[in-house]
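Chain by chain, the residues run as shown.
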Amino acid sequence: MKFARIGALLTAVVLTALIGVFIVSDGDGDVGARSPLLGQPAPAIRTTTIDDETFDLGHRKGSWVVFNFFNSTCVPCVAEHSSIVKFVAAESSRTDGAEFYTVVNDDSDSAVRDFFAANGGDWPKLRDADGAIAVAFGVAKVPETWIIDPNGFVRLRILGAVADGVLEAQLADLRVDQK
Amino acid sequence: MLVASATAQLGRAILLAGFVAAFFGAFAAAVGARRNDEKTLRFVPRFVVITTAMAVAAFAVMEWAMITRDFSLDYVQKVGSRGTPALYNVAAVWSALEGSILMWVLVLAGYVAATAWWMRRRMQEPLVAWALAVMFAVLAFFFLISYGPANPFGAGQPGITDGPGPNPLLQNHVLVMFHPPILYLGYVGMTVPFAFAVAALITGKVEDGWLHLTRRWTVVAWGFLTLGIALGGWWSYEVLGWSGVWAWDPVENASLLPWITGTAYIHSVMVQERRGLLRVWNVSLLIATFSLTILGTFLTRSGVLNSVHAFSESDIGPWLLTMFAVVVAVSLALIFWRGDQLRADARVETIYSREGAFLVNNVLFAVFAFVVLLGTVFPLIVEALQNRQLVVGEPFFDQLTIPIGLTMLFIMAVAPVLPWRKDGRGTLSQRLLVPAAFAVVCLAVALLVGAGGSKPLLAFALGGFAAGSALRHLARAIRVQRLRGFVGRANGGMIVHVGVILVCVALAASNSFTRSQEIDLVVGRKVSFAGHTFELIDVIEQRDARSQSVRALVSLDGGRPYAPAITKFTRVGTNVGTPSVRTTFTHDIYLTLEPPVRQDSGQARIKVFIKPMILWLWVGTFVMAIGTVLAVLPTRRKSEFDEDPIHRLRDEAIDA
């Protein structure tokens, strides 16, 4: 039957094209996760640190900013801590080093202080008492790490714990893109 | 180098043995069929026994490792935990990629064994042998990816004595025990009719005998798929806390696509059995159904699409894509080759006949499947061509699928009263009298309870119209056949229709008339919304080894308290909301607790959804399941479609 043959050929052409699309689509193989915020200006964030200093994301323009949503009882947050300490140490030795902030998610100031006293990490910890920062970024699950570029645009979202060298590599890629 | 434990080595050896047995099974069946060699074909059952034993053994070893918390395995480290309750721990085996592929292997091996047992006396026939060869080939492929890129028996990091446990969303409701296995029974079951279709093309036995062989298998697999999809919707409703059952998520679409083409096949196959028409189309639908299960698995398990279900990245993408390409290429080549023999002797004379209505039904299903497929892969196409990301959301699917759904309801009303072969326009108005009365009553009731809006009202009226038609058929069948009027393809099918209509009407009502509001509650103060009062009694906290949860006790209309909760799974760092629902015949009251919430604060913010007719969604699914069972029960006749004049007269009496 002619129709069958023509149909088979046409289907073959269309499906070959579709398979081609699947082959070229690189997918989500990289560490970055999707978010409608990517490439958009970061939400305006004003809060205080657990040491009662004010923080305004708008004033941080000109530097790379890294937010790490954190809770001292969450196992993966604890697991990634040593990698983060290394990352922050490496950044602080650069002239254009990124500023690192822990955003405290549903946890008390004292618990956070105890955790950092025990495990190290001398960077500002931001309060997010009513969860507004987490909501603004769409964070449902800690840890999450976000990178915001010197122009104040959201560039990367990483879900879950980061391993050694992941943040360094991602930020290096972003710095290349920025130039 | 990680040292593999005895369990890991045992598991891998079993998978390898399974692969080898399936490969040689396919080889023996194909060679035996080609040479028509009985001696070779006698080996086939032995390979069936070995593959089944290996699949069962591999799954059992995995379950044993999970139950005994054998943290020497990477997979157990990923999804196991000492704190997971026993029930969820058993289900943890299929809570991530590697385990779910293992379950695929188990279910497919079961289908191979069932097919071989059912055909044990006809193993020598080339059609049957080729079908088994195809099934063995598919099974070998799944054994291979389970042994290779998706191996659940990989050795884990040494020194780990506890893990995070399965995804918290998968340890929150008993449905995780049932939804994946039942869905897989449907998904994988589509391999059986596919194998027979390919075998028919290879042997050139494209007459209609193979259809009779596989019809029940298709209907049973379709029934499981229906039930699996519905259980997924129920799980979403009970666990996810957004009060919806369907989000057009890629994984949901991946299960819907084979369901659509399978449904189309179940209808169009009747045209072939009765009239010998649509042969190429039917073969194509079976091939499409099977390839879509592979494509769906590729889309959702390879990481190319983002989804709540996309477990994790893995390397099985290229394997599944290759499998998809091979299946499609081989099938199309076969159709191309056998196209001439598939020519039908007759044609559809008039569109106003039963076969004409089935034709329209199939065009609609094809468009439906195309829309869903396009919406699912469109982001990938755009990304490939323009290198930007885009999301195809609910509005796209709703706009395109609602008109299709409404048209289908209309066809569901008209098709059952149309006669085969003849132009039925003359008798249409008389036969549609009862259904039309149903439509008017449904519309009147809807208007009476205050429903508005053209689309939902149209859905209710057409739902009544279609239900009237189905019930008219059933009433007549019962009058002629007594209790047997519930049994058999046509009668069971009409019961399935009633279920489908209930689901459609419930979806139309709940999607169109849901009311929701966030309410701030303070202990001791009543708040009213939508005719109900809500009063906060207390906010309590519960802790156990793996989680801490806060629940608000809310008294509804002064009655017993409902307790929406937020649970923090500390090992994973996730907050999971658990809704609390009061179900009545007319509507559900669905409560979720909104963060942040503190114990002893005496206040809580809840979100209330008033959702009409949700119960009927589950009732409709249940009716569909019952109808499916009744449709596959044997009837007294040898074949339902023999042209025995007495039965034909009876059919016409029921239709008239």
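Here the structure is a predicted model, which is why all the values come from computation and not from measurement. (Residues numbered from 1 in each chain as written. Chains lettered and ligands numbered in written order. Predicted model: local features only at pLDDT ≥ 70, side-chain atom pairs only at ≥ 80, totals over all residues.)

Caption draft 1: Region of the structure containing the overall build of chain A. Scanning chain A from N- to C-terminus turns up five helices and seven strands. Ordering the α and β elements of chain A from the N terminus gives α-β-β-β-α-β-α-β-α-β-β-α. In terms of C-alpha radius of gyration, chain A reaches 21 Å, well past the compact-globule figure of 16 Å for 179 residues. Sequence-distant contacts, at least 24 apart, represent 72% of the contacts inside chain A between residues at least 6 apart. (Helix = DSSP H or I, 4+ residues; strand = E, 2+ residues; numbered from the N terminus. Rg over C-alpha atoms; globule rule 2.2 N^0.38 Å. Contact = placed C-beta atoms within 7 Å.)

Caption draft 2: Spotlight on the overall build of chain B. Scanning chain B for helices and strands turns up 21 helices and 10 strands. Taking 2.2 N^0.38 as the reference for a compact globule, 656 residues should give roughly 26 Å; the C-alpha atoms of chain B span a radius of gyration of 27 Å, in line with that estimate. In terms of principal-axis extent, the alpha carbons of chain B reach across some 75 × 70 × 55 Å. Buried positions account for 52% of the 656 residues belonging to chain B. (Buried ≥ 20, exposed ≤ 12 C-beta atoms within 10 Å, placed from the backbone.)

Caption draft 3: Quick peek at the nonpolar core. Counting residues in hydrophobic clusters, the biggest one holds 191 residues, and the most contacted among them are Val-105, Leu-108, Phe-136 and Leu-139 of chain B. No other element matches the 20 residues that helix H7 (residues 126–147) of chain B contributes to this core. Look past the residues within four positions of Leu-108 of chain B in its chain and what remains in contact with it is Val-138, Leu-139, Phe-142, Val-188 and Thr-191 of chain B. Core analysis: the second largest hydrophobic core is formed by 34 residues, Val-65, Cys-74, Trp-146 and Leu-171 of chain A among them. (Core = buried A, V, L, I, M, F, W, Y, C linked by C-beta atoms within 7 Å.)

Caption draft 4: Highlighting the confidence of the model for chain B. All names here are of chain B. Mean pLDDT over chain B: 88, with 94% of residues reaching 70 or higher. Every residue in residues 638–642 is under pLDDT 50, and counting partners more than four places away or in other chains gives seven contacts. Both scores are given for the predicted complex: the pTM is 0.85, the ipTM 0.71. (pLDDT = per-residue confidence, 0-100.)

Caption draft 5: Spatial organisation of the packing of helix H6 (residues 97–118) of chain B against H7 of chain B. Residues and elements named next belong to chain B. H7 packs onto H6 with a crossing angle of 160° between their chain directions and a minimal axis gap of 9 Å. Comparing their axes, H7 and H6 come out roughly antiparallel. Pair H6 / H7 crosses with left-handed handedness. Contacts between H6 and H7 pair Ile-101, Leu-102, Trp-104, Val-105, Leu-108, Ala-109, Val-112, Thr-115 and Ala-116 from the former with Leu-132, Met-135, Phe-136, Val-138, Leu-139, Phe-142, Phe-143, Ile-145 and Ser-146 from the latter. Partitioning the contact of H6 with H7 into residue classes produces 16 nonpolar, two polar and no charged. (Axes fitted to C-alpha atoms, helices over the stretch in contact; angles between N-to-C directions. Parallel < 35°, antiparallel > 145°, perpendicular 65-115°, else oblique. Left-handed = near helix turned anticlockwise from the far one by under 90°. Nonpolar A, V, L, I, M, F, W, Y, C, P; charged D, E, K, R; others polar.)

Caption draft 6: Examining the packing of helix H1 (residues 6–35) of chain B against H7 of chain B more closely. Residues and elements named next belong to chain B. Interaxial distance between H1 and H7 falls to 8 Å at its minimum, and their mutual angle equals 155°. Between H1 and H7, the angle falls in the class roughly antiparallel. The two elements H1 and H7 cross, and the hand of that crossing is left-handed. Classifying every residue of the contact of H1 with H7 by side-chain character gives 21 nonpolar, four polar and one charged.

Caption draft 7: Spatial organisation of the sheet that holds strand E10 (residues 603–612) of chain B. Residues and elements named next belong to chain B. Spatial strand order, E1-E10-E9-E8: four strands in an open sheet with antiparallel pairing. At either margin of the open sheet sits one strand with a lone partner, and together these are strand E1 (515–522) and strand E8 (580–583). Pairs of neighbouring strands in the sheet enclose a mean axial angle of 20°, with direction left out of account. Relative to E10, strand E9 (residues 587–594) is paired through eight bridges, and the arrangement is antiparallel. Note that in E10 the partner of Asp-588 across the bridge is Lys-611. (Pairing = 2+ DSSP bridges.)

Caption draft 8: Up close: the confidence of the model for chain A. Chain-level pLDDT for chain A is 85 on average; 94% of the residues reach the 70-or-more range. Mean pLDDT values over the elements of chain A span from 82, in helix H1 (residues 2–24) of chain A, up to 94, in strand E5 (residues 125–126) of chain A.

Caption draft 9: Just the sheet that holds strand E6 (residues 144–148) of chain A, in detail. Residue and element names in this part refer to chain A. Reading across the sheet, the five strands line up as E5-E4-E3-E6-E7 and stay open at both edges, with mixed pairing between neighbours. The sheet terminates laterally at E5 and strand E7 (154–159), the two strands that pair on one side only. With five bridges joining them, E6 and E7 adopt antiparallel strand pairing. Looking at E7, one finds that Ile-147 is bridged to Leu-156.

Caption draft 10: Representation of helix H17 (residues 433–448) of chain B within the structure. Residue and element names in this part refer to chain B. With 16 residues, H17 ought to run about 22 Å at 1.5 Å a step, and its terminal C-alpha atoms sit 22 Å apart, in line with that. Listing the buried residues of H17 in full gives Pro-435, Phe-438, Ala-439, Cys-442 and Ala-446. Each buried residue of H17 sits inside an arc of 100° when the element is viewed along its axis, so together they form one side. Buried-residue contacts for H17 involve helix H15 (394–414) and helix H18 (454–481). Downstream of H17 by one or two residues, Gly-450 has phi in the positive range, about 95°. (Expected span 1.5 Å × (residues − 1). Arc of directions from axis to C-beta.)

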